[in-house]
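# Structural overview for review
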Amino acid sequence: MVALPNQGMLTVPIQWNTEVEKTEIQAAGYRPSVTKGWRSWTDTATLAWSNLTADEVKTMLDLFRSTNFNGVFDYTCKVNGAIRIQLNGPAMFTEEGGKKLHSLSISVRRVS
């Protein structure tokens, strides 16, 4: 698996959100909720890099585009250790006029 590039340049803190996937069943006036699937939660985060050169931003965007923004990467989380994350949302980068440094952010979800 390919490691997520430039992990040492990530902007911190990174806020991970855990969402439990539940469904409600209505029968005889009761509405119990149950969790879905064998893993009933999803961990998501928005990763952001700052102080990147234009070439670093282009290289990362080219890598993400080559996976159709659906790639899975190895990532080392300070709390959970080595995990795999998948790109799952919008990517955004800023181009600063007159400056050499840029930033990039992308939404991810944990897949293992």
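Use the structure listed above.
Heads up: these notes are all about the structure in this document. What you see is a predicted model; the values in this text were computed from it and never measured.

## A closer look at the pattern of salt bridges
- Following the criterion strictly, the structure yields four salt bridges and no others.
- Residue K58 is joined to D62 by a salt bridge in which the shortest nitrogen-to-oxygen separation is 2.8 Å. With K58 and D62 both in helix α1 (residues 54-66) and four residues apart, this pair spans about one turn of that helix.
- In this structure D62 comes out as partly exposed when scored by relative accessible area, which is 33%.
- Three or more residues are tied together by salt bridges with common partners; here these are K58, D62 and R65.

## What to know about the environment of G98
- Its place among the elements puts G98 in the loop between β7 (81-94) and β8 (102-110).
- The class of G98 is exposed, set by a relative accessible area of 87%.
- For the pair G98 and R110, spaced 12 residues apart in sequence, the C-alpha separation works out to 36 Å.

## Considering the pairing of β8
- In terms of burial, β8 is a largely internal element, seven of the nine residues being buried.
- Direction of pairing for strand β5 (residues 41-52) relative to β8: antiparallel, over a ladder of seven bridges. Looking at β8, one finds that L47 is bridged to I106.
- Both β7 and β8 contribute to a ladder of seven bridges, which runs antiparallel. From the neighbouring strand, A91 faces β8, where its bridge partner is I106.

## Comments concerning the layout of surface pockets
- Reported here for the largest pocket is a volume of approximately 290 Å³.
- As for the largest pocket, its lining consists of 14 residues, of which I14, Y75, T76, C77 and K78 are closest to the centre.
- A total of three residues in the lining of the largest pocket trace back to one element, the largest contributor, which is strand β6 (residues 72-77).
- When its residues are assigned to classes, the lining of the largest pocket shows eight nonpolar, three polar and three charged.

## Examining the sheet that holds strand β2 (residues 17-20)
- On the basis of which strands lie adjacent, the open sheet formed by six strands has the order β1-β6-β7-β8-β5-β2 and mixed pairing. Edge strands, defined here as strands with exactly one partner in the open sheet, are β1 (2-3) and β2.
- Here β1 runs beside β6; their pairing, made up of two bridges, is parallel. Across the sheet, residue V2 finds its bridge partner in β6, namely F73.
- Each of β5, β6, β7 and β8 touches α1; the most contacted strand, β5, lies at about 150° to it.

The rules behind the values
Residues numbered from 1 in each chain as written. Predicted model: local features only at pLDDT ≥ 70, side-chain atom pairs only at ≥ 80, totals over all residues. Heavy atoms only, no water. Salt bridge = Lys/Arg side-chain N within 4 Å of Asp/Glu carboxyl O. Helix = DSSP H or I, 4+ residues; strand = E, 2+ residues; numbered from the N terminus. Buried < 20%, exposed > 50% of the residue type's maximum accessible area, 1.4 Å probe, protein only. Pairing = 2+ DSSP bridges. 1 Å grid on protein atoms, 1.4 Å probe; cavity = no way out; pocket = protein on both sides within 12 Å on 5 of 7 lines; lining within 4 Å. Points joined across faces, edges and corners; volume = space filled by probe spheres on them. Nonpolar A, V, L, I, M, F, W, Y, C, P; charged D, E, K, R; others polar. Contact = heavy atoms within 4.5 Å. Axes fitted to C-alpha atoms, helices over the stretch in contact; angles between N-to-C directions.

Honestly, it's all geometry; don't read function into it.
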